[in-house]
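If you want the building blocks of each chain, they are given just below.
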Amino acid sequence: MNELNFETLSAAIEEQLRQQPFSGVIHVAHQGTPIFSHAYGLANRSDQNPNRLNTRFGIASGGKIFTATAICQLVAGGHLNPEQPFVEIIPDLLPKLDRRVTVEHLLTHTSGIPDYFDEETESDYEACWQKIPVYQMRSALDFIPFIRDKEMKYPAGERFGYNNMGFVLLGMLIEKVTGTRFQDYVEEKIFGPAWMRSSGYFPNDCLPAHCATGYITAADDTWRSNICSIPVVGHGDGGVYSTAADIGRFWKALFSKTYFDADMLTRMTSPHVQVTPGSTSHYGYGVWVEEISGQPCFSIVGEDPGVDFSSSYYPNFDLQISLLSNTNGALWPMEKVIRREIFGLDQA
């Protein structure tokens, strides 16, 4: 196993900060001990409130792993079958949905269903809300009109195609099976056992204390908040607010088999589908699966207007690397610097 380098990590991060300022929290922990944990920039620019280690950031699609964990929990409890077709559980919702689309297809982005925001063909997430205001997006059913009359993109199981709507539907499955509001179920059954007391699906128009505002910067360096650019509350496809410490608590709970046994954990974190032909990146259930320095790496990422997020866990090293940001752009090069420095790779 390769030796990890932490001695020059601080200097490398400081150099990257000089090249490109970062707003958010960087947290690196090894064997349960923080190696580097710092906050930068402002959580609220109007009042000049700084980001702190306990600041809660939106994590966008990083929340898909909580939806997947909840589904796996229900599978482990005998309440769901991954091979079960979606239409057998919730019939008549989408008339053009291929009846062969299973729960596992939705979990692995291989369903082929149309998306409310198709990342394969669209790049402007804010454009989704030009006809339907974000403040009206309060339940999973509010997303259904986006795709109800659309044809399938490709046959179920044919290939990987990143799909937000698939995880919205998974959230609806959780509500159907449990009789509980999706957000309440995840907060109780996933956040609760991990002691993630700072995390939640907080509505953007009624945020609790210590939440960072997401900021969108224009080409002329003017800025605005993202309150009109993302749905008002998160659903199965993402939108959780969390802290670096809570994300660490989740990784620990997941790999300590808090939610289900080792067999279910293995199934969730196995590489079910190759992301692109020839790629070394694969997808499990709600989690990206790859190898770094010859060792398995499990990652969750998110990107919305005013939100960037990345967290990776390396079980063989017991290493966590998490970056949470309330701006766009600076997180991704910073993450590369951190990986390169720790693993001593030219590319990471």
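Everything quoted here is computed from the prediction, not taken from an experiment.

**Comments concerning helix α10 (residues 331-343)**
With 13 residues, α10 ought to run about 18 Å at 1.5 Å a step, and its terminal C-alpha atoms sit 18 Å apart, in line with that. Along α10, the residues that are buried comprise L331, M334, E335, V337, I338, R339, I342 and F343. A positive phi of about 65 degrees marks G344, the residue just after α10.

**Focus: the environment of Y40**
Relative to the elements of secondary structure, Y40 occurs in strand β2 (residues 33-40). Note on Y40: relative accessible area 14%, which makes it buried. In this structure the C-alpha to C-alpha distance between Y40 and L53, which are 13 residues apart in sequence, comes to 9.1 Å. The residues touching Y40, leaving out its near neighbours within four places in the chain, are I13, E14, L17, F22, S23, G24, I26 and N51.

**What to know about the state of the cysteines**
Applying the stated criterion across every chain, the model contains zero disulfides. A disulfide-free cysteine, C128 has its sulfur positioned 15 Å from the sulfur of C228, the nearest such atom. C128 sits in the buried class, given a relative accessible area of 11%. Here C297 is not cross-linked by a disulfide; its sulfur's nearest cysteine counterpart is in C72, at 18 Å.

**Thoughts on the sheet that holds strand β10 (residues 282-283)**
Taken in spatial order, the eight strands make up an open sheet running β2-β1-β14-β13-β12-β11-β10-β9, and their pairing is antiparallel. Two strands bound the open sheet, and with one partner strand each, they are β2 and β9 (273-274). Judged from the two bridges that link them, β9 and β10 form a sheet pairing that is antiparallel. When the sheet's bridge partners are listed, V273 is paired in β10 with Y283.

**Quick word on the packing of aromatic side chains**
Scanning all chains against the criterion turns up 27 aromatic pairs. Considering the side-chain rings of F160 and Y283, the 5.8 Å spacing of their centres and the 50 degrees angle between planes classify their relative orientation as tilted. You can see F160 sitting in the loop between α5 (144-147) and α6 (164-178) and its partner Y283 sitting in strand β10, a full 123 residues away along the chain. For the pair shown, F160 and Y283 are each scored as buried. Ring geometry for F317 against F343: centres 5.8 Å apart, planes inclined by 55 degrees, an arrangement best described as tilted. Separated by 26 residues along the polypeptide, F317 in the loop between β13 (307-314) and β14 (319-325) and F343 in helix α10 bring together distant segments of the chain. For the pair shown, F317 and F343 are each scored as buried. A cation over an aromatic ring shows up here: R45 above the ring of Y215, its NZ or CZ 4.5 Å from the ring centre. The aromatic ring of F167 is capped on one face by K64, whose charged end is 5.8 Å from the ring centroid.

**Notes on α6**
With 15 residues, α6 extends 22 Å from end C-alpha to end C-alpha; this agrees with the ideal 21 Å at 1.5 Å per step. When you tally the buried positions in α6, you get eleven out of 15 residues, the bulk of the element. Turning to α6, its buried residues number three or more, namely N164, M165, G166, F167, V168, L169, L170, G171, M172, L173 and I174. Contacts made by the buried residues of α6 are with α2 (64-76), α3 (86-89), α4 (103-107), α5, α7 (182-194) and β10.

**Some points on the pairing of strand β12 (residues 295-304)**
The element β12 is extensively covered by neighbouring structure, given that seven of its ten residues are classed as buried. What sits between the antiparallel neighbours strand β11 (residues 288-292) and β12 is a turn of two residues, in which S293 has the positive phi angle 55 degrees. Bridging between β12 and β13 involves seven bridges; their strand directions are antiparallel. Counted as the bridge partner of I300 is S311 from β13.

**Some thoughts on the pattern of salt bridges**
The final tally for this structure, using the stated rule, is 14 salt bridges. Between D205 and R138 there is a salt bridge, and its shortest N-O distance comes to 2.7 Å. Of the two residues, D205 sits in the loop between α7 and β6 (215-217) while R138 sits in the loop between α4 and α5, which places them 67 residues apart along the sequence. Judged by its relative accessible area of 44%, D205 is partly exposed. Here R138 falls in the partly exposed class, since its relative accessible area comes to 42%. When the shortest N-O distance is used, the salt bridge between D246 and R249 registers 2.6 Å. One end of the pair, D246, and the other, R249, are both in helix α8 (residues 244-255), three residues apart, so they sit about a helical turn from each other. Exposure remark for D246: the relative accessible area of 1% places this residue in the buried category.

**Here's the deal with the packing of α6 against α7**
Put simply, α6 and α7 touch, their axes get as near as 9 Å, and they point 80 degrees apart. Judged on the interaxial angle alone, α7 and α6 are roughly perpendicular. Counted together, G171, I174, E175 and T178 of α6 and F182, Q183 and Y185 of α7 form the full contact between these two elements. Its residues assigned to classes, the contact of α6 with α7 comprises three nonpolar, three polar and one charged.

What counts, and where the lines are drawn
- Residues numbered from 1 in each chain as written.
- Predicted model: local features only at pLDDT ≥ 70, side-chain atom pairs only at ≥ 80, totals over all residues.
- Heavy atoms only, no water.
- Helix = DSSP H or I, 4+ residues; strand = E, 2+ residues; numbered from the N terminus.
- Expected span 1.5 Å × (residues − 1).
- Buried < 20%, exposed > 50% of the residue type's maximum accessible area, 1.4 Å probe, protein only.
- Contact = heavy atoms within 4.5 Å.
- Disulfide = S-S within 2.5 Å.
- Pairing = 2+ DSSP bridges.
- Phe/Tyr/Trp six-rings, centres within 6.5 Å; stacked < 30°, edge-to-face > 60°.
- Lys NZ or Arg CZ within 6 Å of the ring centre and 35° of its normal.
- Salt bridge = Lys/Arg side-chain N within 4 Å of Asp/Glu carboxyl O.
- Axes fitted to C-alpha atoms, helices over the stretch in contact; angles between N-to-C directions.
- Parallel < 35°, antiparallel > 145°, perpendicular 65-115°, else oblique.
- Nonpolar A, V, L, I, M, F, W, Y, C, P; charged D, E, K, R; others polar.

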